[in-house]
Amino acid sequence: MKLASTPAALKSALKLSLLTTLVAASVASAYAADAKNVIFFLGDGMGPSVVTAARIYQYQEDGNLTMDTLERTARIKTFSNDAQTTDSAPSMAAYMTGVKMNNEVISMAQDTIAKEPSRDVNGNLGVDNCPAGGKSAPTILELAKAKGKAVGAITTTELTHATPATTFSHICNRNAQYAIAAQTVPGGAGYNTALGDGVDVLMGGGRNHFTPWSASNKYGRADGRNLLTEFAAKGYTVAANKAEMAAAQSGKKFIGLYSTRSHLEYELDRTATPPLGEGATQPSLSEMTLKAIDLLSKNANGYFLMVEGGRIDHALHGINAKRALTDTIAFDDAIKAAIAKIKETDPKLENTLIVVTADHDHTLAFNGYGKRGNHILDINRGYKDNQPSKDADGNTYTTLVFGNGPNRPALRSNVDSATALKDNYLQETGVRLASETHGGGDVKLLATGAGAKAFKGTLDNTKVFDLLKAAFGF
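So, how was this worked out
- Counting starts from 1 at the beginning of each chain's written sequence and moves along it residue by residue.
- This being a predicted model, a pLDDT of at least 70 is required before a residue's local features are given, and a value of 80 or more before pairs of side-chain atoms are given or counted; all residues contribute to the totals for chains, interfaces and linings.
- Side-chain descriptors were evaluated using all non-hydrogen atoms of the structure, hydrogens and water having been removed beforehand.
- UniProt positions are given in the numbering used here, feature names are shortened, and annotations may be inferred rather than shown by experiment.
- Helix and strand definitions follow DSSP, with helices as H or I runs of at least four residues and strands as E runs of at least two, each counted in order from the N terminus.
- For every residue, the accessible area (1.4 Å probe, protein chains only) is compared with the maximum for its type, and the residue is labelled buried under 20%, exposed over 50%, or partly exposed between those bounds.
- Working rule for contacts: check all heavy atoms of both residues, and any pair within 4.5 Å makes them a contact.
- Per-residue and other accessible areas follow the Shrake-Rupley method at a 1.4 Å probe size, with only the shown protein chains counted as cover for residues.
- Positive charges are assigned to Lys and Arg, negative charges to Asp and Glu, while His and the chain termini are left out of the count.
- Charge coordinates come from a single atom per side chain, which is NZ of Lys, CZ of Arg, CG of Asp or CD of Glu.
- In these notes, a set of buried Ala, Val, Leu, Ile, Met, Phe, Trp, Tyr and Cys residues joined through side-chain atoms within 4.5 Å is what counts as a nonpolar core.
- A 1.4 Å probe that fits into a set of points on a 1 Å grid over the protein atoms alone but cannot get out defines a cavity; an open set with protein on both sides within 12 Å along at least five of seven lines defines a pocket, and lining residues are those with an atom within 4 Å of a point.
- Grid points are joined across faces, edges and corners, and a volume is the space filled by probe spheres set on the points.
- Nonpolar residues are Ala, Val, Leu, Ile, Met, Phe, Trp, Tyr, Cys and Pro. Charged residues are Asp, Glu, Lys and Arg, and all others, Gly as well, are polar.
- Polar contact criterion, stated in full: a pair of N or O atoms within 3.5 Å, where within protein one must be able to donate a hydrogen and the other to accept it, and residues adjacent in sequence count only if both atoms are side-chain atoms.
- Expected helix span is taken as 1.5 Å per residue step, with the number of steps being one fewer than the number of residues.

Identification of the protein as Alkaline phosphatase from Janthinobacterium kumbetense is taken from an unreviewed UniProt entry. In UniProt, the protein has this text filed under Sequence similarities (unreviewed entry): "Belongs to the alkaline phosphatase family."

A short note on the overall build of the protein
Along the backbone of the protein there are 13 helices and 15 strands. Its C-alpha atoms give the protein principal-axis dimensions of about 80 × 65 × 45 Å. By the burial criterion, 54% of the 474 residues in the protein qualify as buried. Of all intrachain contacts in the protein linking residues separated by at least 6 positions in sequence, the fraction that spans at least 24 positions is 70%. Only carbon and sulfur atoms are counted for the fraction: they give 52% of the accessible area of the protein, which is about 19900 Å². The distance from the centre of the 49 positive side-chain charges to the centre of the 47 negative ones in the protein is 6 Å.

Let's talk about the nonpolar core
F40, F41, F304 and L468 are the most contacted members of the largest nonpolar core, which has 111 residues in total. Tallying contributions element by element places helix α11 (residues 321-343) first for this core, with 10 residues. In contact with F40, other than residues within four places in its own chain, are M92, Y95, M96, F304, L305, M306, V307, V355, T357, V464 and L468.

Things to note about empty space enclosed by the protein
Counted by the stated rule, this structure contains two cavities of 30 Å³ or more. By volume, the largest cavity amounts to about 110 Å³. Lining the largest cavity we find 15 residues, and of these T156, E265, E267, L285 and D327 sit closest to its centre. Elements with a contribution of two residues or more to the lining of the largest cavity: α10 (311-317) and α11. Forming the walls of the second largest cavity are M46, G47, P48, V51, M67, D68, T357, A358, V443, K444 and L446. Those elements that place two or more of their residues in the lining of the second largest cavity are α2 (48-59), β8 (352-358) and β14 (443-449). When the residues that make up the lining of the second largest cavity are grouped by side-chain class, the tally is seven nonpolar, two polar and two charged.

Some points on the side chain of K253
As for its placement among the helices and strands, K253 is situated in the loop between α8 (242-247) and β6 (254-257). Judged by its relative accessible area of 19%, K253 falls in the buried class. Among the polar contacts made by the side chain of K253, one reaches the side chain of D197 at a distance of 3.2 Å. Setting aside anything within four residues of it in sequence, one finds K253 in contact with K145, D197, G198, V199, D200, G235, Y236 and T237.

Section: the environment of D200
By the secondary structure assignment, D200 is in the loop between α6 (177-182) and β4 (201-205). Of the residues examined, D200 reaches a relative accessible area of 14% and is grouped as buried. Residues D200 and L125, 75 residues apart in the sequence, show an inter-C-alpha distance of 27 Å.

Considerations on helix α9 (residues 285-296)
Residue pairs three or four apart in sequence face the same way in an α-helix, which turns once every 3.6 residues. Compared with the 16 Å implied by 1.5 Å per residue over 12 residues, the 16 Å span of α9 between its first and last C-alpha is a close match. Counting buried residues in α9 gives nine out of 12 residues, a clear majority hidden from the surface. Listing the buried residues of α9 in full gives L285, S286, M288, T289, K291, A292, I293, L295 and L296.

Structure representation (structure tokens):
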């Protein structure tokens, strides 16, 4: 239609529409950086209070975490499709797929209903009850793989846990971890064919989900499959500890499972040796991150890597702030190590986007009028006189407490510094529950590098997926 043949009002509207379109295209062009590489760092449960407390714990009030120095910031809404307060499955899946889904659902269509797996003959949750024909939601990892990029997912939790699983699997319930494991083995029964020839780098814990049940592996697979043997047959290097990880050569795909059962040790317990723990043989998150970058960066087309500091969440559920903060510092150290390594070849991060965020909040509260410099884990001491602060009944209290959880005394009494600073001290809680819950508050997102300018304002978690795609130029 020619503008000359239209009424003035219509011509004006058409001009405005055209101008709006051109402005939008210009903005999109400015933000689309076609990043060759994307590293997505996820601190599980790392809400704003956790970030602040970890900063003070390690660097004092005027210090900075590495994540604090990233120049782009945004505020992220975290609610799921069916809940004000999300669990890790749909919140991470929203980042990875752009779809709002129900709690407990892993990278499936919005209307997917979570259906718990059943117990197998050995009493483990090895029977997947998800109905056939469910519709999956493509993940950014799968899209990157389809574009010829190398892809990886590494975590301090079980590899089949909710957060890493959302990047490479599709299932109606996060607890079907044996089925999730089967989705990772190229060509095997249950394989997720959207992964092409397979995820290039996988690291985490929970070896039991990949190996057959036996008298010494009572949490193993009931189907008798040894998925690690199957991985090896497909050309993967398989590692069980940090020495084997360090020895892995580039040019082959890699899977490292560093715990016999369950998650990797908390950072505070990394010196533990069997039978008390496996921490001494496990790589740190920084070591895993650097190794993953080494392996993935051999691909000339670039890569996508997801890095999870997963045990932050577990310590918070257990109302143990000390372990939550030390794992947050370990997570931040991995970010620092990654940036330093990437800048060796990409000094201005012109080819690499780094995003740091959390999937949800927790109920950790930072309270009282503590004096600057007071130990963040200690009892609160007043800024005016540096004397122990008292509650309405005359008892001392700690600066960090939780909104809910198991440690709610029937009658409060004094807390002393020696007790509050112990590794195993459990903070007091407001509402008495068997386990602390997630919080429904917004979380922070920080970004730097190629395409980072687009991350700003208050965003729904699903919009992050669109920005990741735009940065990649997909």
